[in-house]
Each structure stands twice: as structure tokens, then as C-alpha cells.
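Chain by chain, the residues:
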Amino acid sequence: MILAEKSWGNGKVMFGGLTLPWFQEYWSPQPYVRNLHNNILEYLYNSANVVIDETAPVLSGVPNSTNVECDNVPNIPTVTANDDVDGNLPVTFSETRVNGSCAFNYTLIRTWSATDAAGNEASASQTITVYDDKSPVIDNLPVQLTSFVDAGSCGAIVSFPTITATDNCGNPSFEYSPLSGSFFNVGQTTVTVITTDDCGNSRTENFLVVVEDNIAPETVCQDLTVSLDAAGNASITPAQIDNGSSDACGIAELALDRLSFGCADVGSNPVVLTVTDNNDNSATCSATVTVEDKIVPQTVCQDITVSLDAAGNASITPAQIDNGSSDACGIAELALDRLSFGCADVGNNTVVLTVTDNNDNSATCSATVTVEDKIVPQTVCQDITVSLDAAGNASITPAQIDNGSSDACGIAELALDRLSFGCADVGSNPVVLTVTDNNDNSASCSATVTVEDKIVPQTVCQDLTVSLDASGNASITPAQIDNGSSDACGIAELALDRLSFGCADVGSNPVVLT
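Residues numbered from 1 in each chain as written. Predicted model: local features only at pLDDT ≥ 70, side-chain atom pairs only at ≥ 80, totals over all residues. Heavy atoms only, no water.

(A) Examining the overall build of the chain more closely. Within the chain, the secondary structure is distributed over six helices and 39 strands. Looking at the chain residue by residue over its 514 residues, the buried ones come to 34%. Sequence separation of at least 24 residues holds for 56% of the intrachain contacts in the chain that already meet a minimum separation of 6. Total accessible area on the chain is roughly 28500 Å²; 47% of this is exposed by carbon and sulfur atoms. (Helix = DSSP H or I, 4+ residues; strand = E, 2+ residues; numbered from the N terminus. Buried < 20%, exposed > 50% of the residue type's maximum accessible area, 1.4 Å probe, protein only. Contact = heavy atoms within 4.5 Å. Areas by Shrake-Rupley, 256 points an atom, 1.4 Å probe, with all protein chains shown as cover.)

(B) Geometry of unusual backbone geometry. A cis amide bond links Ser177 to the next residue, Pro178, at an omega of -5°. You can see Pro178 is positioned in the loop between β16 (173–177) and β17 (182–185). Although it is not a glycine, Asp280 adopts a positive phi angle of roughly 70°. By secondary structure assignment, the location of Asp280 is in the loop between β24 (267–277) and β25 (282–293). The class of Asp280 is exposed, set by a relative accessible area of 65%. Of note, Asp440 is a non-glycine position whose phi angle comes to about 65°, a positive value. In this structure, Asp440 sits in the loop between β36 (427–437) and β37 (442–452).

(C) Here's a closer look at the state of the cysteines. Under the counting rule described, the total for this entry stands at eight disulfides. Two residues share a disulfide in this structure: Cys343 and Cys409, whose sulfurs sit 2.0 Å from each other. Between Cys343 and Cys409 the sulfur-sulfur dihedral comes to about -85°; the bridge is accordingly left-handed. Of the two residues, Cys343 is situated in the loop between β29 (340–341) and β30 (347–357) and Cys409 in the loop between α5 (398–401) and β34 (411–416); the sequence distance between them amounts to 66 residues. A relative accessible area of 28% places Cys343 in the partly exposed class. (Disulfide = S-S within 2.5 Å.)

(D) Highlighting the sheet that holds strand β9 (residues 92–102). Spatially, the four strands line up as an open sheet ordered β6-β11-β10-β9, and their pairing is mixed. The open sheet terminates on both sides in strands that have one partner only, identified here as β6 (66–69) and β9. The sheet shows a mean angle of 20° between the axes of neighbouring strands, taken without regard to direction. Where β9 and strand β10 (residues 105–115) come together, nine bridges link them in antiparallel fashion. Bridging across to β10, Thr92 finds its partner in Ser113. (Pairing = 2+ DSSP bridges. Axes fitted to C-alpha atoms, helices over the stretch in contact; angles between N-to-C directions.)

(E) Broad picture of the nonpolar core. Counting residues in each nonpolar core, the largest one holds 17 residues, and the members touching the most others are Val306, Ile316, Ile321, Val351, Leu353 and Val369. For this core, the leading source of residues is strand β31 (residues 362–372), giving four residues. Not counting residues up to four positions away in its chain, the partners in contact with Val306 are Ala314, Ile316, Val369, Thr370, Val371 and Glu372. (Core = buried A, V, L, I, M, F, W, Y, C linked by side-chain atoms within 4.5 Å.)

(F) A look at the packing of aromatic side chains. Under the definition given, this model contains five aromatic pairs. Relative to Tyr176, the ring of Phe174 has its centre 6.1 Å away and its plane inclined at 10°; by these criteria the two rings are stacked. On the basis of relative accessibility, which here comes to 26%, the residue Phe174 falls in the partly exposed class. Through a chain of ring-to-ring contacts, three or more aromatic side chains come together here, namely Phe160, Phe174, Tyr176, Phe184 and Phe207. Looking at Arg97, its charged tip hangs above the ring of Tyr106, at a distance of 3.6 Å from the centre. (Phe/Tyr/Trp six-rings, centres within 6.5 Å; stacked < 30°, edge-to-face > 60°. Lys NZ or Arg CZ within 6 Å of the ring centre and 35° of its normal.)

Below, the structure written as C-alpha cells:
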């Protein structure tokens, strides 16, 4: 038996690896010559008991292409090849790596091939797309680190313990904000920890640094002499006893165990000043208040701030302005020259407090009532629809979006975040209306501006003459008929109702360009 290979396309005949060049030399595309050669070959094959092998081997075990995590790349499988003439054949393997955007994003192309004795080849490939989309995991993040203030400061330098993280395909890096070893103020500070792997996958976690203030204030007191008023009373403030008490974190409050004195207190009176810092640590010191009876009755006022209500009104009471007016015979009445305020009074307003004792003696003091308008306008928006003009433009005004916004103190301004629209805005477009009242309070609401394009394109056609080819055919394109059609929002498509012509169409043929 002789193994033969034939290839009619190039005129080659092989018997056991021997090429018959005479057949190639006399090969001709003419049918009668080809038939003659076929008859000669059939005779040779039949006489020599020739087996013709034109079938490629079959590869088995080639896996499908797949996408895998970087820590799960499959091993190279065993691929076999079998040929219907040669049986089992050796398999050639090759692998190509194509790098991606990072170290663990890449593509593996695995190729297996086998060739039989007759030169028939089979080849198959598997593409493995390797990716890394898993963020690192922080192993030992603390929940909270607690420290105490450093002496003489309102905070502490805090260093963090070593924090580690694991990642499926690399060694992640760390970023801290604030950094370890930074100065932290008293209270809670959130520390942000960001760990990022080689492919930019990151994880953000937080923990607390708590700095506690356990140092009491330094207290300094001073003695004080006060005079009774004509009513036989005197009052003091903690600030009069304080003589420079201090704390690194600041003083929150000064308090006295006694603020008022009367006729029975003439002479020396011990008082205790309690100093509390901003972190609730406190300390005390003592002083002596010497009371003298030299002063007639007096009035005491204080400034206040009030806010208008939603109706644009505010009212006060005399007690809010009074700050400890006194009289030996008692207070009969507190009266203000003004109790009500409105939108026109926003700002500072002077009021006069009149204090009358039980014997109709009176005195006055003045204070400032600061009126604030903190009520934002009531905003009401409405959706609208606008159409583009022939140039592809449309514009709106704030008044078109406003649907009755109001404020007790009046509207100063309506403003939109967007006033103009074009072809790119066809469809729904969100806009924000900002309403500002006469006292600069503002609020906003949202609406939808639907932009429509209802302008049809301007079409311009031109006639065309085409010639049939040797096969009697001719074809045209929409661009050959178009003669400058236009639209402000652009041409999406040119289409003809007919593109091909033949012998039956010689002469004039109407076409329609859309």
C-alpha cells in the first residue's frame, strides 16, 4: 500500500513522498486536459492500491476560552490528537501572554496543534482572560485608639500600630489620613485607611482616634469690693472674681457659688469660683467679696437676637431684655417700648426697658434687638416643554419654571442653573430654580425641561447619469443624489428607495432620497 496525497488545485501528485512533476508541468485549466489527468491518476491509484489522506487529525481535550481571577489561572490540560490513518499523534503546545493594564490583568493564548504524515494539520486555541477585581482586605484594623492630652496642649501626638492587609494577587500599599504620629485634637478624629493593590483595587476603612483631656484648669481668684445700690442689693459676676484662670483647651464656663448680696452682707464674704474647661474638667479657688453700701438702685439690660417666623413676625418680652435689674423694695413692673417686629425690622433695633419698683420709682436702660430672617422661601416648580427653532436653539426664563414660589418678606430674585438648550439636549433635561428672598435666604426646587426638535431637514437633490458595466449592471449611493441637504441638528441618515439598475432601466428612472 502506498500513501498518496493529491491536490488538484495546484497540480501536485505525491506517491510515498515522491512528487510527479510531469503532472504539474502539463496541468491546464482546460476541461479536456483536466479530465485526461484525472483518468491517469485514477488508474495509478487503482493499480498501486493507493490510500488518499485528506483528513486532518482531531484534537481532543481543548478547553473553552474563559475569564478567571488572577489567583485562579487553570493548569495546562492534556490535549490528544488522533488521525484516521496515523492514529495517535504528538501535540505541539505554545502559550503567549499579552500584558494588560496592570501586572495581574493580562491574556493567555494557549495553542495546540498536530500534523499527520500527509501534512494535514489541526490547530485549536484557548484564550484565558485573567483579571484582578478584588480589593485587599485589612487584617487588623483597630476600632478605636485612646490617648490623653500632652502636657500644656489641647491634644496629643498619636502613633498607630502596624496595620496589615492581604490581597489575592499582590502586596497592597497603604495611605493614612491623618498620618501616624500626627497631632490630634481633643475629641474624636476619624482616621481613613486606604489600601490599594497592584491593579488599583482599593479598600477604604476608618477607625477612631480619641484624645481625652484629664487635666483640670489652673484657677486664679481675686478679692472684690462691691457697693449696695439704693435698694440695698449688690450683684457680681464670675469674671469679676476670676484673675486669669487658664486651660490649654480653653475655658467653657466660670461659675460662682454666690452672685447677690444685701444689707445683711456688709463686710467680708467668702465666695468660691468654679472654672470648667471645654472638656468638663473643673477646679475651684476662693476669694473674699467685701460689700459696701454706697450705691442707689440700678437697671441692667442685655442684647438679644430673635428670628422671624414663617409669617414674617417676631415678638419679645421685657424679661428677655432684663439682665438682673434690682430694687430693695422689689420690682413692680418691667416694660419695653416695643414688643413686636416684622420684615421691615431685619437688622439691629434699639429698645428701652423701663423698670418700676413697688413704689413707682423707675429707671431705664437700652438694648439692641437683632431681628433675623432665617426662613427660606417656599419654592414651587413646574415642568415645561420647549421646541428648538430652525437654528437648533431654545431658551427659557426662570418665570416659566416658577409655579408660585413665595416668602413672607418678599422674593428678591428667581434664577435658573440653565437657560439655553440645543440639539444635544433633545429629550428631558433637569433644571434647578433658586428662589432668593429679600434677606438673602434661598431655596431651590427641580423641574424637567423637555426639548423637542420638530424642524424637518432641508433636502436638496440632484439628477445623476450612470453607465451600465459589462455585466449590464449599475449601482448608486444616496450621497450621489444628495446635493447639500442640511439640518441644524445634523443629518443622521441618507437613504434611497432604489440603489441598483440593469438593462431594463436604460433611460430616465425616478428615485426618492429620504
